[in-house]
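Overview (structure and organization)
What follows is each chain in one-letter form.
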Amino acid sequence: MPQIPPQEDPHRGHPGNEKKPGYNFSWIYLLLIVGLGIMLWQNQTDENTFDKEISYTQFKTYVQKGYGSAIDVNKSEGTAMLHIAPEHVREVFHQGVEQVGKAPVVSARYPSTEKMDEYLAAVKYKGEVKYVENGRFWTSFLVNFLPLIIIIAFWIFMFRGASAFGGKGGIFGVGQSKAKLFEKGKEGSPSVTFKDVAGQEGAKQEVKEIVDFLKNPKKYTDLGGKIPKGALLVGPPGTGKTLLAKAVAGEADVPFFSMSGSDFVEMFVGVGASRVRDLFQKAKEKAPCIVFIDEIDAVGRARGSRAAMGGNDERENTLNQLLTEMDGFGTNSGVIVLAATNRVDVLDKALLRAGRFDRQIHVDLPDLSERIAIFNVHLKPIKLEPGLDIDLLARQTPGFSGADIANVCNEAALIAARHDRPAVGKQDFLDAVDRIIGGLEKKTKVMTEQEKHSIALHEAGHAAVSWLLEHANPLVKVTIVPRGQALGAAWYLPEERNITTREQMLDEICATLGGRAAEELFTGHISSGALNDLETVTKRAYGMVAYLGMSESLPNLCYYGQDGEYGFQKPYSDDTARLIDEEVKALIAGQYERAKQILTAHKVEHNTLADLLQSEEVIFAADVERIFGPRPWQSRADILQQEEKERVEKLAEERRPDSPEQ
Ligand code: NHX
Ligand code: ZN
């Protein structure tokens, strides 16, 4: 029975991680407050007291003359203070009582108490003699030693924190790992199970196996197998790596330590390594158990790649410690390390070798059927209009991650609420998708007709060229309503393909250049509006030439991910660099010409489309079809869609028997 996960209570802490009582800053504060208090008190007693320092000889003279009314002897300072009687103030200070106060004093260093006592007896001094032990001792003590105390305290703080005293974490717990410990049945443990992880069947299978290793290791070790030490969850952001790890924590019967890679990092040197040590020590005490490190690239980045810049010794030390710890425990000691990252390519090779994170679990973006499953999870709490087509939603969201889909569902609910609708409908979801891809609509942005015209020409250019190219993405709609950074946009529904051919890339580049081409052809001016178009085109073209070997003069050569390995240098010669630049330039120029040709050939249709767009603001694929006629190769896309639909229906069929009342 899943429970609502209790909110984390920051004051309670987790077992094995609580602060040791009394080991905190409070005593430093106490010391400071006491010191300040004493200083203030001292100042107060000395206030309005005119104090003049004199020589001992002078002091004796004053005593002899009977100027003094009382003497304070401060033994710790070695000074004697003579209170001058009001009637003698003028003789001593050459000033009146108004200037020096009612109880002015003079003080002098005396050679020794005995000698002074002798002298006082000799001159028959009748006044009072007070022996003061501390006097201003504390003031001078604080003034002299407070900086030293602070420095020493800081020093202790630093070094204890960096575990110079045994690695058990410093007196302030800086060297302790910040890992949270979850134990099944105990409060705070996540109630996520594998059932809550939609899609990701392959990854789930792998992760389940790890849980199984820990549940009955004998099954594996009896056959001579070794339990793996670590697994790396790899995948783009938002695909549910952390959720998977939480599900492991929820399903496994073993303790689960969870922390983020950045938790190792602190401003103090040596803390990271100490925290790694502490984490593994705690883990070994609780074995069998699972340690989960989120965003491991924070510490696991390849070492020495920035050696020229002095490197990052602290992070390297942390990583080295992590490597050592993972190698250090015996194969079957039962600590399995799970880590998540979206950048496996930057990780240190040593982390990935056998015996450490030797298995990589890829958590990819969900495909159509997985998106349906994810939608089903996130739509559960939402009040839906009856008959909502979830398949359609999944088809409209290619390339969305699980987190994006959750966002769509939430946004749709908010949009429906804003319109006071009783339930969330299809249009709300489509608006939510648009909002998430394109940003907020800016209906109030003021546009002149002139600007609108050139934007309409630009967008109609995209629409026309993409409509007339076989491999360009199918168009959904064209709009000149400003949204986010863009003043207008042509929306496509990209096919979810696994590989892309050269023709498809070229057609897409051509369609993207269609906007500027239309501007140039039909307004005579080119504008800054094509910034994003040119950016994507340039990136794609460089990718084709430098990474995919798709150009005439650099065929089958890939320079991907190779720079940085030998410092900052590019892994090719200057001549090659020039060649790449030339090829990219030629490629883009060629596609631009092609776009212009297409637009010139279909000038009338394009201009009709642009006019329609300017008056309607939003037009759909059907309008484009009315003007240009159906795409001759649309049948192919239709076949694909038909195939997909059949697959989805078959899947739905399969799910139906076990869906009722569960
Ligand atoms: C801008 N954005 O002035 C406006 C808001 C026909 C207008 N920034 O290609 O919207 O012009 O097919 C500095 C200088 C973005 C920052 C110039 C940021 C230009 C989108 C590009 C529509 N649809 N472009 C498109 C678009 C724009 C941009 C900039 C900038 C075009 C085009 C942005
Ligand atoms: Zn454009």
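Rules and cut-offs
Just so you know, the residues in each chain are numbered from 1, in the order the chain's sequence is written. Here chains are named by letter from A upward and ligands by number from 1 upward, in the order in which they appear as written. Restriction of local features to residues with pLDDT of at least 70 applies here, the model being predicted, together with a cutoff of 80 or more for giving and counting side-chain atom pairs; totals for whole chains, interfaces and linings are based on all residues. Side-chain metrics in this entry use all non-hydrogen atoms of the structure; hydrogen atoms and water are not considered. Labels follow the DSSP assignment, with helices taken as runs of H or I lasting at least four residues and strands as runs of E lasting at least two, numbered in each case from the N terminus. Remark: exposure states derive from per-residue accessible area (1.4 Å probe, protein chains only) relative to the maximum for the residue type, with buried under 20%, exposed over 50%, and partly exposed in between. In this description, contact between two residues means that some pair of their heavy atoms is separated by no more than 4.5 Å. Here the open area of atoms and residues is found with the Shrake-Rupley method and a 1.4 Å probe, where only the protein chains shown may cover a residue. Grouping buried Ala, Val, Leu, Ile, Met, Phe, Trp, Tyr and Cys residues that are joined through side-chain atoms within 4.5 Å yields what is termed a nonpolar core. Expected helix span is computed as 1.5 Å times (number of residues minus one). Note on pairing: two strands pair once DSSP finds at least 2 bridges between them. To obtain an axis, a line is fitted to C-alpha atoms, over the contacting stretch when the element is a helix, and the angle between two such axes runs from 0 to 180 degrees between their N-to-C directions. Small angles under 35 degrees read as roughly parallel and large ones over 145 as roughly antiparallel, with 65 to 115 read as roughly perpendicular and the rest as oblique. Definitions for this section: a left-handed crossing has its near helix turned counterclockwise from the far helix by less than a right angle. A right-handed crossing has that turn clockwise. Any N, O or S atom lying within 2.8 Å of the metal counts as a donor, and for Na, K and Ca the limit rises to 3.2 Å; water is left out, so some sites can look incomplete. Proximity is defined per residue: any heavy atom of the residue falling within 4 Å of a molecule or strand makes that residue near it. Here a polar contact is taken to be a pair of N or O atoms separated by no more than 3.5 Å, where protein atoms must pair a possible hydrogen donor with a possible acceptor and residues adjacent in sequence count only if both atoms sit in side chains. As a working rule, the residues Ala, Val, Leu, Ile, Met, Phe, Trp, Tyr, Cys and Pro are called nonpolar, Asp, Glu, Lys and Arg charged, and the rest polar, with Gly in that last group.

What to know about the overall build of the chain
Of regular secondary structure, the chain possesses 24 helices and 14 strands. For the chain, the residues scored as buried account for 41% of the 662 residues in total. Expressed as a percentage of contacts within the chain between residues at least 6 apart in sequence, the contacts between residues at least 24 apart total 74%. Looking at the chain as shown, the accessible area adds up to about 36600 Å², and 54% of this sits on carbon and sulfur atoms.

Looking at the nonpolar core
One finds V465, L475, V478, M544, I580, L587 and L609 to be the most contacted residues of the largest nonpolar core, which totals 46 residues. Taken together, the elements giving at least two residues each to this core come down to α18 (449–468), β12 (475–479), α19 (502–523), α20 (531–547), α21 (574–601), α22 (603–616) and α23 (621–628). Core analysis: the second largest hydrophobic core is formed by 28 residues, V207, V211, A231 and L338 among them.

Quick look at α21
Taking 1.5 Å as the rise per residue, α21 with 28 residues should run 40 Å; its terminal C-alpha atoms sit 41 Å apart, in good agreement. Every buried residue of α21 is accounted for by T576, I580, E583, V584, L587, I588, Q591, Y592, A595, K596, I598 and L599.

Topic: the sheet that holds strand β4 (residues 105–109)
Strands pair in a sheet through their backbones, by hydrogen bonds, and they do so in one of two ways: parallel or antiparallel. Spatially, the 5 strands line up as an open sheet ordered β1-β4-β3-β2-β5, and their pairing is mixed. Pairing within the sheet leaves two strands with one partner each, and these edge strands are β1 (51–53) and β5 (128–132). Adjacent strand axes in the sheet meet at a mean angle of 25°, parallel and antiparallel pairs treated alike. The pairing of strand β3 (residues 79–84) with β4 spans 5 bridges and is classified as antiparallel. Counted as the bridge partner of L82 is V106 from β4.

Describing the packing of helix α2 (residues 56–65) against helix α5 (residues 113–122)
Close contact between α2 and α5 brings their axes to 11 Å; oriented N to C, the two are set at 30°. Relative to α5, the element α2 is oriented roughly parallel. Here α2 and α5 pass one another in a crossing that is right-handed. Contact residues: Y56, F59, K60, T61, V63 and Q64 in α2; K115, M116, Y119 and L120 in α5.

Details of the coordination of the zinc ion (ligand 2)
Donor atoms from the polypeptide that coordinate the zinc ion (ligand 2) comprise H458 (NE2), H462 (NE2) and D533 (OD), at 1.9 to 2.1 Å from the metal. Linear spacing of the donor residues for the zinc ion (ligand 2) on their chain is H-x3-H-x70-D. Residue H458 is found in helix α18, and its partner D533 is found in helix α20; the two are separated by 75 residues along the sequence. D533 carries the same exposure label as H458, and that label is buried.

Here's the deal with the site of ligand 1
Neighbouring ligand 1 are 13 residues; E459, H462, L487, G529 and N532 lie closest to it. A distance of 3.1 Å separates a nitrogen atom of ligand 1 from a polar atom in the backbone of G488. G529 places a polar main-chain atom, nitrogen or oxygen, 2.9 Å from a nitrogen atom of ligand 1. For ligand 1, the accessible surface in isolation is 660 Å², of which the surrounding protein chains cover 70%. Mapped onto the shell around ligand 1, the elements with two or more residues apiece are α18 and α20. Considered class by class, the residues forming the shell around ligand 1 number 3 nonpolar, 7 polar and 3 charged.

Focus on the sheet that holds strand β14 (residues 618–620)
Across the sheet, which stays open at both edges, the 3 strands sit in the order β13-β12-β14 with antiparallel pairing between neighbours. The two strands at the open ends of the sheet, each matched to only one other strand, are β13 (489–492) and β14. Going from strand to strand, the sheet's axes swing by 15° on average, the running direction of each strand aside. In this structure, β12 lies alongside β14, joined through 3 bridges in antiparallel fashion. Opposite T479, over in β14, you have V618 as the bridge partner. Along the sheet face, α18 touches β12 and β13 and points at about 165° away from the line of β12. The sheet strands contacting α22 are β12 and β14, and the helix crosses β14 at an angle near 130°.

Quick word on the environment of Q614
With respect to the element layout, Q614 can be found in helix α22. Of the residues examined, Q614 reaches a relative accessible area of 16% and is grouped as buried. Along the chain, Q614 and S454 lie 160 residues apart, while their C-alpha atoms are 9.2 Å from each other. What Q614 contacts, discounting residues up to four positions off in sequence, is E449, K452, H453, A456 and I480. Within the structure, the side chain of Q614 is placed 3.0 Å from the side chain of H453, a separation counted as a polar contact.

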